[in-house]
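Here's the letter readout for the chains.
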Amino acid sequence: MQKRTKIVLAVLLSTFAFLFLLWRNLNQTTAISHDLFALKSPNQINKITISPNNPKLPYLTLEKVDGKWIVRNEAYSYPADTNSVNQLLFWAMPKLQVKCPVPDAAKENVIKDITLNGTKVIFSTNDVEQHTVFVGYATPTQDATYMYFPGTERPCEITVPGFIGYLTPYFNTNIQLWRSVFLVDVNSQEITSLKVTYPSAPDQSFQITQKQNQWQLLNYQQQPIAANRSLIAGYLELSKTLAREAGEPAVINRNPQQCKEVTASPPVAIFEYTFSTQPKKTIYIYSMAVTEGETYSMETKDGTPKTVETTLFWAKSNDEPTLWTIQEIILRNRLKTLSNFLQP
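Since this is a predicted model, take the numbers as computed values, not measurements.

(A) Looking closely at the side chain of Ser205. Along the polypeptide, Ser205 turns up in the loop between strand 11 (191-197) and strand 12 (206-211). Separated by 2.9 Å, the side chain of Ser205 and the backbone nitrogen of Tyr198 make a polar contact. Those residues in contact with Ser205 that lie beyond four places of it in its chain are Val196, Thr197, Tyr198, Asn219, Tyr220 and Leu338.

Shown next as structure tokens:
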């Protein structure tokens, strides 16, 4: 009997010892709180540094200057896309949640990949570091992202509740993807002059000047024209922004000869802006030739192929050589002519 009792006690003690060790390991794992990676005070952040661990890849910074976000790298500085910055700051970062720490079997490989190919992201307030995370690649199921928080024992799988996918693209270092989509983005009161020229119909060209909320319409000969003031005010308000399509520059920009052929053709329209707060800007709008397939006219209905695409245009500003794609729906209400302002 004593022998059987000793065996039972030994089994119980072993079980308790195993449970204690398991509890201790679980407790160590859950020491990483579920919201450790989340950014707690996004409103205070005015600088974001995104730098790959791979020194061959570019880094960039997003910085809030005078209330507007600017994106910079070693070579360029552009107005940033506020929507993209806000999506990172106020949607993704505050909601980051630990799905689970990386298990021992995968730990070494995940650490190695983040070390070699991960991206360090620093959120700062007035150049004082507030929050730092290392972002890796997607998990095998692509519904979470491997991330590492400095000082912790292992990386974790990170998710955003309600979002199925991985977050690596939100921390990219391609400056073109962070740029503002607006070729023009000002307050309408900052526009002191807007000249719209139609090379194919110069008599329909016009210029609007603004001084102390007083507007004047001029024809192409710079003669004052009596016009509907409400239409002038509405046109200036509409013209305070001009957006291109989002994303990287079109492939045509890789072929200088094709770009030259576009810019050598007569523009559909030319917008010349003069501002009270920044340098003058000129936007050239060009027709986009059909390069693949055929587009047919809805009006003729005779199957005659059109040679010029009407839904997309090329847009180029005077301050850089890039050709951007711009949609007809954006231009439609901006391609007003002189006669449009003479309505009662």
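After that view, the rundown keeps rolling.
(B) Spatial organisation of the packing of aromatic side chains. In total, this model carries 10 aromatic pairs according to the counting rule given. Summarising the aromatic geometry, the rings of Tyr137 and Tyr146 are spaced 5.1 Å apart at their centres and angled 70° between planes, so their arrangement reads as edge-to-face. Summarising the aromatic geometry, the rings of Tyr235 and Phe341 are spaced 5.5 Å apart at their centres and angled 90° between planes, so their arrangement reads as edge-to-face. Of the two residues, Tyr235 is situated in helix 5 (residues 229-238) and Phe341 in the segment after helix 7 (328-331); the sequence distance between them amounts to 106 residues. Here Tyr235 falls in the buried class, since its relative accessible area comes to 3%. The exposure class of Phe341 is buried, given its relative accessible area of 3%. Through a chain of ring-to-ring contacts, the aromatic side chains of Trp91, Phe163 and Tyr170 assemble into a single cluster. The aromatic ring of Tyr78 is capped on one face by Arg179, whose charged end is 3.6 Å from the ring centroid. Its end group placed over the ring of Trp324, Arg244 keeps NZ or CZ at 3.6 Å from the ring centre.

Quick notes on the rules
Note on numbering: residues in each chain are counted from 1, in written sequence order. Per-residue local features of the predicted model are confined to residues with pLDDT of at least 70, and side-chain atom pairs are confined, for both listing and counting, to 80 or more; whole-chain, interface and lining totals are unaffected and use all residues. With hydrogens and water stripped out, all remaining heavy atoms of the structure feed into the side-chain values. Each helix is a run of H or I in the DSSP string that is no shorter than four residues. Each strand is a run of E no shorter than two, and both are numbered from the N terminus. Contacts described as polar in this section are N or O atom pairs within 3.5 Å, which, within protein, must combine one atom able to donate a hydrogen with one able to accept it, while residues neighboring in sequence count only if both atoms come from side chains. Any pair of residues with heavy atoms lying within 4.5 Å of one another is described as a contacting pair. Between 30 and 60 degrees the pair is tilted, below 30 it is stacked and above 60 it is edge-to-face, where a pair is any two Phe, Tyr or Trp rings, Trp via its six-membered ring, whose centres lie within 6.5 Å. When a residue's accessible area, from a 1.4 Å probe over protein chains only, is under 20% of the maximum for its type it is buried; when over 50% it is exposed; and in between it is partly exposed. In this scheme, Lys NZ or Arg CZ marks a charge over a ring once it lies within 6 Å of the ring centre and within 35 degrees of the ring normal.

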